[in-house]
Structure formats: C-alpha cells, structure tokens
Amino acid sequence: MSYAIIGFGKIGQALAKAFARNGIEVSVATTRDPESFASAAAAIGPTIIPKTLADAVKADIIFLAVRFESHPDVAKALSSWEGKTIIDATNVFPVPEELDGLPSTAFVAKAFTGAKLVKGFNHLIAATLAADPIVEGGHRVVFLSSDDEDAIAPVAALAKQLGFAPVKLGKLNEGGALVHARGRTWGQLIFQDLFKKEQ
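Residues numbered from 1 in each chain as written. Predicted model: local features only at pLDDT ≥ 70, side-chain atom pairs only at ≥ 80, totals over all residues. Heavy atoms only, no water.

### With respect to the overall build of the chain
In plain terms, the rule: A run of H or I in DSSP becomes a helix once it reaches four residues, and a run of E becomes a strand once it reaches two; helices and strands are each numbered from the N terminus. Here the radius of gyration uses the C-alpha set of atoms, whereas the globule reference equals 2.2 Å times the residue count to the power 0.38. To sort residues, take the accessible area from a 1.4 Å probe on protein chains only and compare it with the maximum for the residue type: under 20% means buried, over 50% means exposed, and anything in between is partly exposed. In this analysis, two residues are considered to be in contact whenever any of their non-hydrogen atoms come within 4.5 Å of each other. Throughout, the Shrake-Rupley method with a 1.4 Å probe supplies accessible areas, and for residues the shown protein chains are the sole cover considered.
Along the backbone of the chain there are seven helices and 12 strands. Taken against the 2.2 N^0.38 rule, which gives 16 Å for 199 residues, the C-alpha radius of gyration of the chain at 16 Å falls within 12% of a compact globule. In terms of principal-axis extent, the alpha carbons of the chain reach across some 45 × 40 × 30 Å. Across the 199 residues in the chain, those meeting the buried criterion constitute 51%. When contacts within the chain are restricted to residue pairs at least 6 apart in sequence, long-range pairs at least 24 apart make up 68% of them. Here the chain displays about 9200 Å² of accessible surface, and carbon together with sulfur accounts for 52% of that area.

Laid out in structure tokens, this is it:
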C-alpha cells in the first residue's frame, strides 16, 4: 500500500510527522514544484518524499490536506480516480451555499470521479495531530466516516499504524455529520481531543 499527502501546510506537515515517527514512507506534494518544500520535508524525516502532484497521486491512499476551495485543482491531476482512496482532512466554515446541504466531503467526492472518500483526521488541530498520539496509557482518537463501507477498513488500519485509535462514525450524513460544519455551526466532535484507553 502506498501513501501520499497533498498539501504541505500545517495539517499536511502534521500528518507527515505521524508517518515519520513510525518510519512509514509517504509522498508529499502541492501544486508547486517539489524543490520549493524539499528542505521542509527533509527536516521532518527521511521517509517524507517530496514529489510532483502528478507522481504523488499514483499512491493508493491519498490525504487531501489542502484548503477546501483548492480541491478541484487537485482533482484535475487525474481523469479517473478509480482504485484510489481519498482521506478528506479538509474543513470548511462557514459552509458555502454551493454545497446545497451536502456534507463537504460528499461535495468533494463529486470532483474525484471514481475514488472512495473517507472523512478523517480533520477534527484535530494541527499541533495536536502532529504530537505523539500515544498519551496517558491510551491512543488519541481519529474519527472516520464514509459512504463506501469498505473504504474505512484500510484507513482504520493505517490510523492504527500511525498510533491513533480509529473510531468509525458510519455514513457521511449520519455519524459523519458530527465532524462536519453545518451551516454556521461545527459538528459536536470537531476539535475534541479524545483518548482510547488500552483494555
């Protein structure tokens, strides 16, 4: 299984630190030339590989860590996203009218034709996401939701590899609503820093 992070701002770098901490290779890309962020990637660790967007999207599981309004630009990198799983780590607030009542991830899914979309890793602030998730004898929780039931399992497995405790919320418009903004309010689980104790 190969991994990529698209976007190398605070959230993208926080995710990269989780990969580096566990010695897992991940491609990182933006719409810019990889040379422009190569030194920042090298500072995080040797398993963080700067690539062009065209190369990074060859990965099996791809974190979308760009500003919400930039997702259509990323989606243009492939004509079909068949066989790819996109983890939507974006947040949008307040919710733009063009979403037409859809959860933002369902709206993002329309741009990534053929991909399986999982909402995840979006409810923690960057500093918390970047920190070691093994705390106080437990693992920091990440919430996952998707309309593709079989998409969550590989993402949950990756979350465990990265040291997190995945909690499945079900479909985007059901449990997933807890980690989306709705109108002018955040879902109740946004910014909640929770731990799962070892049994």
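### Examining a nonpolar patch on the surface
As a reminder of what qualifies: What makes a patch is a set of residues exposed beyond 30% relative accessible area and free of salt bridges, joined within 9 Å when like-charged and within 5 Å when nonpolar (Val, Leu, Ile, Met, Phe, Trp, Tyr). A pair is scored as a salt bridge if a Lys or Arg side-chain nitrogen falls within 4 Å of a carboxyl oxygen belonging to Asp or Glu.
On the surface, Phe93, Ile125, Trp186 and Phe191 cluster together to form a nonpolar patch covering roughly 390 Å² of accessible area. Looking at the element boundaries, Ile125 is found in the loop between β6 (116-120) and α6 (126-130). Taking the relative accessible area as the measure of exposure, Ile125 reaches 48% and is therefore partly exposed.

### Here's the deal with the pattern of salt bridges
Taken as a whole, this structure holds six salt bridges when the rule is applied. Two residues, Lys119 and Asp88, come together in a salt bridge whose shortest N-O distance is 3.5 Å. Note that Lys119 is positioned in strand β6 and Asp88 in strand β5 (residues 85-88), a separation of 31 residues in sequence. There is no split in this pair, since Lys119 and Asp88 are both buried. Of the charged contacts, one joins Asp150 and Lys116 as a salt bridge, the two residues approaching to 2.9 Å between their closest N and O atoms. On the criterion of sequence distance, the pair formed by Asp150 in helix α7 (residues 149-161) and Lys116 in strand β6 is long-range, its members being 34 residues apart. Exposure remark for Lys116: the relative accessible area of 30% places this residue in the partly exposed category.

### A closer look at helix α5 (residues 104-111)
Note: α-helices contain 3.6 residues per turn, so residues at a spacing of three or four share the same orientation. Looking at α5, one finds that the buried residues are Ser104, Thr105, Ala106, Phe107 and Val108. Packed against the buried residues of α5 are β4 (61-64), α4 (71-75), β5 and β6.

### Here we look at the side chain of Thr105
By the element assignment, Thr105 lies in helix α5. For Thr105, a relative accessible area of 0% gives the class buried.

### Considerations on the pairing of strand β9 (residues 165-170)
The condition is simple: By definition, two strands form a pair when at least two bridges between them are found by DSSP.
Pairing of strand β8 (residues 138-145) with β9, which is carried by five bridges, proceeds in the parallel orientation. Pairing of Val142 across the sheet is with Pro166, part of β9.

### Quick word on the nonpolar core
As a reminder, the rule being used: In this description, a nonpolar core means a group of buried Ala, Val, Leu, Ile, Met, Phe, Trp, Tyr and Cys residues linked to one another through side-chain atoms lying within 4.5 Å.
In this structure, Ile5, Phe19, Phe121 and Phe164 are the most contacted members of the largest nonpolar core, which totals 34 residues. Sorting elements by how many residues they give to this core places α7 first, with six residues. Other than its neighbours up to four places away in sequence, Phe121 contacts Leu15, Phe63, Ile87, Ala89, Leu129, Val142, Phe143, Leu144, Val155, Ala159, Leu162 and Phe164. Among the nonpolar cores identified, the runner-up in size contains 22 residues, and Ala4, Leu53, Ala59 and Leu64 belong to it.

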